[in-house]
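Structural features, examined
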Amino acid sequence: MTSSRPARRFDWKNLALRAASAAVLIPAVVAAVFLPWLAERQPLVLFPVAATLSQALFPVLIAVAIALLSVEWAAMTAPRASTRVAVALTAAVIVPLMLAYRHDYLLANIAAVVGIVAAGAVAWTGKASPQDVAFGASYMVWPCLALMWMRGQPNPISWTLLLFAVTWSADICAYGVGNLLKGPKLWPRFSPNKTWSGFIGGMIGAVAAGVAVGYFSTARLSFAAAGTIGLVGGLATMAGDLWESMLKRRYGVKDSGDIIPGHGGLLDRVDGLMFAILAIAAARWLHQAGWVH
């Protein structure tokens, strides 16, 4: 009688690496969210130069992330022309981002379309796939524009925190519950480590975060609306995570990079966030239009 394979133990080493990475990344994000708000309302708290610089901290953080994501995407999809493709991708996203920072959203969207086409053309000159590179530009630019739009609307702090809280809670709860309970695989063809228990745990975490931030913060959403937004944001986070797993399987890579210990590349960390931004931005627009309370 053959013995059954022993159950896989909880990966405490990887959890420690993830926790260490989060200890660096989360404060940076929180500072980028709160410092511009603090400088605007309490300018005497910060030195004049620091107050001025803090206003640009959020778009600068996004721009740095775009540059890193562009390098990772170029390495995956165009390894023979990675440098020129990374530069083209960075320009294709940062130019619309700067226009959105100036609240010129119409011109920003026009520049986004032009940048996507231009990035594909650059890929073609480097004998890379124009479709893959153009998709990479689209994958990055629309969430970035949606995030900048949210930052320009009334009460941006609560909604930005709602976005990150829902995304982080979905990720953390999915990882923790999935590793503890294990069970049937969610989609073994593309992501062999994800389980249904992790998916359900992630959804519960996302809904809880949505209620905690959306209902109890100055967003002043109803209990039902906050929970629904948490659910939709959690589903978007899981969809983004699975989508990136499919992409990595297609391009034959385990991780998009190795810049973040315990996670791999930056794309491995923000894959769910890219989808969640669009979902939460849509909810923000519906709320502003009076259709969600």
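Residues numbered from 1 in each chain as written. Predicted model: local features only at pLDDT ≥ 70, side-chain atom pairs only at ≥ 80, totals over all residues. Heavy atoms only, no water.

With that settled, consider the overall build of the protein. Summing up its helical and strand segments, the protein has 10 helices and two strands in all. A total of 293 residues make up the protein; the buried ones form 48% of that total. In the protein, the share of contacts with a sequence separation of at least 24, taken over all contacts with a separation of at least 6, comes to 71%. For the protein, the exposed surface amounts to about 15100 Å²; the carbon and sulfur share of it is 70%. (Helix = DSSP H or I, 4+ residues; strand = E, 2+ residues; numbered from the N terminus. Buried < 20%, exposed > 50% of the residue type's maximum accessible area, 1.4 Å probe, protein only. Contact = heavy atoms within 4.5 Å. Areas by Shrake-Rupley, 256 points an atom, 1.4 Å probe, with all protein chains shown as cover.)

Ile 62, Val 85, Leu 89, Trp 159, Leu 221 and Ile 229 are the most contacted members of the largest nonpolar core, which has 77 residues in total. Looking at this core element by element, the count peaks at 13 residues for helix 6 (residues 130-151). (Core = buried A, V, L, I, M, F, W, Y, C linked by side-chain atoms within 4.5 Å.)

Take unusual backbone geometry next. Phi angles above zero are rare outside glycine, and Asn 155 is one such case at about 55 degrees. For Asn 155, the position within the fold is in the loop between helix 6 and helix 7 (156-181). Of the residues examined, Asn 155 reaches a relative accessible area of 29% and is grouped as partly exposed. The phi dihedral of Lys 182 falls on the positive side, at around 55 degrees, and the residue is not glycine. Inspection of the secondary structure puts Lys 182 in the loop between helix 7 and strand 1 (185-187).

Below, the discussion takes up the packing of helix 7 against helix 8 (residues 196-216). Contact geometry of helix 7 with helix 8 gives a least axis separation of 7 Å together with a crossing angle of 150 degrees. Between helix 7 and helix 8, the angle falls in the class roughly antiparallel. Crossing geometry of helix 7 relative to helix 8 is assigned as right-handed. Where helix 7 approaches helix 8, its residues Ser 158, Leu 161, Leu 162, Ala 165, Val 166, Ser 169, Ala 170, Cys 173, Ala 174, Val 177, Gly 178 and Leu 181 are matched on the opposing element by Ser 197, Gly 198, Gly 201, Gly 202, Gly 205, Ala 206, Ala 209, Gly 210, Val 213 and Gly 214. Residues that form the contact of helix 7 with helix 8 fall into these classes: 12 nonpolar, 10 polar and no charged. (Axes fitted to C-alpha atoms, helices over the stretch in contact; angles between N-to-C directions. Parallel < 35°, antiparallel > 145°, perpendicular 65-115°, else oblique. Left-handed = near helix turned anticlockwise from the far one by under 90°. Nonpolar A, V, L, I, M, F, W, Y, C, P; charged D, E, K, R; others polar.)

Moving on, we come to the pattern of salt bridges. According to the stated counting rule, one finds five salt bridges in the structure shown. The closest approach of N and O atoms between Arg 250 and Asp 132, which form a salt bridge, is 3.1 Å. Of this pair, Arg 250 sits in helix 9 (residues 223-251) while Asp 132 sits in helix 6; the two residues are 118 residues apart in sequence, bridging distant segments of the chain. Classification of Arg 250 by relative accessible area gives exposed; the value is 57%. Note that Asp 268 is salt-bridged to Lys 248, the shortest N-O span being 3.0 Å. Of this pair, Asp 268 sits in helix 10 (residues 266-288) while Lys 248 sits in helix 9, and the two are 20 residues apart along the sequence. (Salt bridge = Lys/Arg side-chain N within 4 Å of Asp/Glu carboxyl O.)

Glancing now at the environment of Tyr 101. One can find Tyr 101 in helix 4 (residues 82-101). Of the residues examined, Tyr 101 reaches a relative accessible area of 35% and is grouped as partly exposed. Sequence-wise, Tyr 101 and Met 148 are 47 residues apart; in three dimensions their C-alpha atoms are separated by 6.5 Å.

On to the environment of Phe 164. Note that Phe 164 resides in helix 7. The class of Phe 164 is buried, set by a relative accessible area of 8%. Taking the C-alpha atoms as reference points, Phe 164 and Ile 26, 138 residues apart in sequence, are found 9.5 Å from one another. Apart from residues no more than four positions distant in its own chain, Phe 164 is found in contact with Val 29, Val 33 and Leu 273.

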